[in-house]
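# An overview of the molecular structure
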Amino acid sequence: MNLSQDSPTPGRPRRGNWQLMADINRNLVVNLLRTCPVMSRADLSRATGLSGPTVSSIVADLTSRGLVEDLGQGISSGGRPPYLVRLNEKANYVIGLKLMGHAISLVITDLSATVMYAQVTTLVGPAAAEPDQTTRPTAYRDPGSIVDAICAAVGTALSSSGVDVTRIIGVGVGINGPVDAANGVSRSSPTFNWKNVPLARPISERLGYPVVLENDANTLAAAEQWFGRGAGIDTFIAVAVGAGIGSGVVLNGQLYRGNDGAAGEFGHVQLSDTGPLCSCGKVGCVEAWASDRAILRDIRAAVAEEAPTSIGHTGHLCELTIADVAAAAEQGDELSRQVLARAGHYLGRGLATLMTVINPRLVIISGEGVQAGHWRFDSMKEAIESTVFPELNAEIIFATEPLDDARWARGAACVVLGEIFSTPTRPSLVHARLG
Ligand SMILES: [Zn+2]
């Protein structure tokens, strides 16, 4: 946890050994209080291995900052009555955003990631009318207009939420595509059709808060780790299925971003030398076979060739959604069932590759694509079972989460919280100060 007032260079030792040790000790105490609602000073001393006077000194410091509440003496179980303390979760707040092609979902959370306020802001402009699921190329969005929209959304939230703006300590922004989180750069975004756009710095300069930019599948993984099915599980994968396909990977309790911020992008694992064109420019990627965009493309192509289907005539196809295809499958439409099953098969083959490499305990699937339900996921599981390394398969848990944009925004807030509570020996993406 970064509690000090200096602003170290990421990746470099920040202070002398004595100060670093003090930061580590404080971090130990705060993280224990984060996971246990109420603790005695004696329990803190036992759990951390720190001496009683050291714990008392740290607690006094944290109390003076408003981060810890002194609850006074508890009930004795025989010896001296314990002095109880707890983390003041309302001492600070964090903002999380999910940036989409048509809207921004925003939440404000406290230090325990409890949502205090939520809002959705519609993006206006030329690309706002382009739903994520169309096969049309998305229009380029001027990064300046997106920064404007984010800052306006945060401004509305700050004035509407009633939260003390001086207690906000950071902003997390989730966006699709690979992200250079250390430098706050969107390396490429299929939604906005841009490359290498710095976002964190201009937003931070406008808002005056530290900003963390993160791949949105990683924010989903953070949400699952902090308050979802991934809590307490060391190694798991959170898969985002929608217009694109990607994943957030948690390895040994840590979000794994990879060297270029592109870890988990198994949607661009190539399954065939030939096949449909992918958004990345290659052919035959998992995403090109299995995404919502691929499903809608295949349905439209089949309708154009006058395949028998109840999907509707060409005039309505521009508005077609994955929910429409799932509904048609439910009502017996054979074309919809076949296309969804084929997409599920390729999703399963791609996922089996990722699972074989990562060996996760849990796989969580979310995004717009979960609306296709078992019409897509039955064939996905069959493909996984037939292609994954057999030694892995027996112990893996599968789960689906319904699409909830606010959950991803809350995950972006969790990424900021994770940085704030991270160990001081680890280079931090933000230099927010609690208290
Ligand atoms: Zn690709």
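Procedures and definitions
Residues numbered from 1 in each chain as written. Predicted model: local features only at pLDDT ≥ 70, side-chain atom pairs only at ≥ 80, totals over all residues. Heavy atoms only, no water. Pairing = 2+ DSSP bridges. Helix = DSSP H or I, 4+ residues; strand = E, 2+ residues; numbered from the N terminus. Phe/Tyr/Trp six-rings, centres within 6.5 Å; stacked < 30°, edge-to-face > 60°. Buried < 20%, exposed > 50% of the residue type's maximum accessible area, 1.4 Å probe, protein only. Lys NZ or Arg CZ within 6 Å of the ring centre and 35° of its normal. Expected span 1.5 Å × (residues − 1). Contact = heavy atoms within 4.5 Å. Donors = N, O, S within 2.8 Å, 3.2 Å for Na, K, Ca; no water. Tetrahedral: all angles 85-135°; square planar, octahedral: opposite > 155°, others 65-115°. Salt bridge = Lys/Arg side-chain N within 4 Å of Asp/Glu carboxyl O. Axes fitted to C-alpha atoms, helices over the stretch in contact; angles between N-to-C directions. Parallel < 35°, antiparallel > 145°, perpendicular 65-115°, else oblique. Left-handed = near helix turned anticlockwise from the far one by under 90°. Nonpolar A, V, L, I, M, F, W, Y, C, P; charged D, E, K, R; others polar. pLDDT = per-residue confidence, 0-100.

Across the sheet, 3 strands lie side by side as S1-S3-S2; this open sheet has antiparallel pairing. Here the strands that pair on one side only, and so sit at the sheet edges, are strand S1 (39-40) and strand S2 (68-73). Of the pairings in the sheet, the one linking S2 to strand S3 (residues 83-87) comprises 5 bridges and is antiparallel in character. Residue pairing across strands places Glu-69 opposite Arg-86, the latter belonging to S3.

The tally for this structure, following the rule as stated, stands at 2 aromatic pairs. Arranged with centres 4.4 Å apart and planes meeting at 20°, the rings of Trp-289 and Tyr-346 form a pair that is stacked. A residue pair is termed long-range when its members are at least 10 positions apart, and Trp-289 in helix H7 (residues 286-290) and Tyr-346 in helix H10 (residues 334-358) qualify at 57 residues. Its relative accessible area of 17% is what places Trp-289 among the buried residues. Arg-410 extends its terminal NZ or CZ atom over the ring of Phe-227, reaching a point 3.4 Å from the ring centre.

Further remarks concern helix H1 (residues 17-35). Between its terminal C-alpha atoms H1 stretches 27 Å, which fits the 27 Å expected from 19 residues at 1.5 Å a residue. Ala-22, Asp-23, Asn-25, Arg-26, Asn-27, Val-29, Val-30, Asn-31 and Leu-33 are the residues of H1 that are buried. Check the buried side of H1 and you find it contacts S1, helix H2 (41-48), helix H3 (52-64), S2 and S3.

Time to look at unusual backbone geometry. Even without glycine at this site, Asn-252 takes up a positive phi of about 50°. In this structure, Asn-252 sits in the loop between strand S13 (245-251) and strand S14 (254-256). Here Asn-252 falls in the exposed class, since its relative accessible area comes to 64%. At Asn-359, a position not held by glycine, the phi torsion is positive, near 55°. Structurally, Asn-359 is set in the loop between H10 and strand S15 (362-366). Residue class for Asn-359 comes out partly exposed when judged on its relative accessible area of 47%.

Surrounding the zinc ion are the protein donor atoms His-268 (ND1), Cys-278 (SG), Cys-280 (SG) and Cys-285 (SG), at 2.1 to 2.4 Å. The coordination sphere of the zinc ion comprises 4 donor atoms, whose angles at the metal cover 99 to 130°; the geometry is tetrahedral. For the zinc ion, all donor residues lie on one chain, and their spacing in sequence is H-x9-C-x1-C-x4-C. Residue Cys-278 is classed as buried on the basis of its relative accessible area, which comes to 6%.

Enumeration over the complete set of coordinates arrives at 16 salt bridges. The residue Glu-419 makes a salt bridge to Arg-257 at a minimum N-O spacing of 3.9 Å. Of this pair, Glu-419 sits in helix H12 (residues 405-420) while Arg-257 is found in the loop between S14 and H7, placing the two residues 162 residues apart along the sequence. A relative accessible area of 16% means that Arg-257 is categorised as buried. A network of salt bridges, in which partner residues are shared, links Glu-224, Arg-229, Glu-401 and Arg-407.

Before going further, it helps to spend a moment on the sheet that holds strand S16 (residues 397-400). With mixed pairing, 5 strands are arranged side by side in an open sheet as S14-S13-S12-S15-S16. Of all strands in the sheet, those with a lone pairing partner are S14 and S16, marking the two edges. For this sheet the average axis-to-axis angle between neighbouring strands, irrespective of direction, equals 20°. Two elements, strand S12 (residues 236-241) and S13, share 6 bridges in a ladder whose sense is antiparallel.

Quick look at the packing of helix H9 (residues 322-330) against H10 now. It is the contact of H9 with H10, at a shortest axis distance of 7 Å, that shows an interaxial angle of 120°. Between H9 and H10, the angle is such that the two are oblique. Crossing angle aside, the handedness with which H9 passes H10 is left-handed. Note on element contacts: H10 touches H9 through Ser-336, Arg-337 and Leu-340, opposite Ile-322, Val-325, Ala-326, Ala-328, Ala-329 and Glu-330. Looking at the contact of H9 with H10 residue by residue, the class counts come to 6 nonpolar, 1 polar and 2 charged.

On to the confidence of the model for the protein chain, then. With 87% of its residues at a pLDDT of 70 or more, the protein chain has an overall mean of 85. Counting contacts from residues 1-14, a segment whose pLDDT is below 50, to residues more than four positions away or on other chains yields 37 contacts. In the model, residues 128-137 has pLDDT below 50 throughout and makes 22 contacts with residues more than four positions away in sequence or in other chains.

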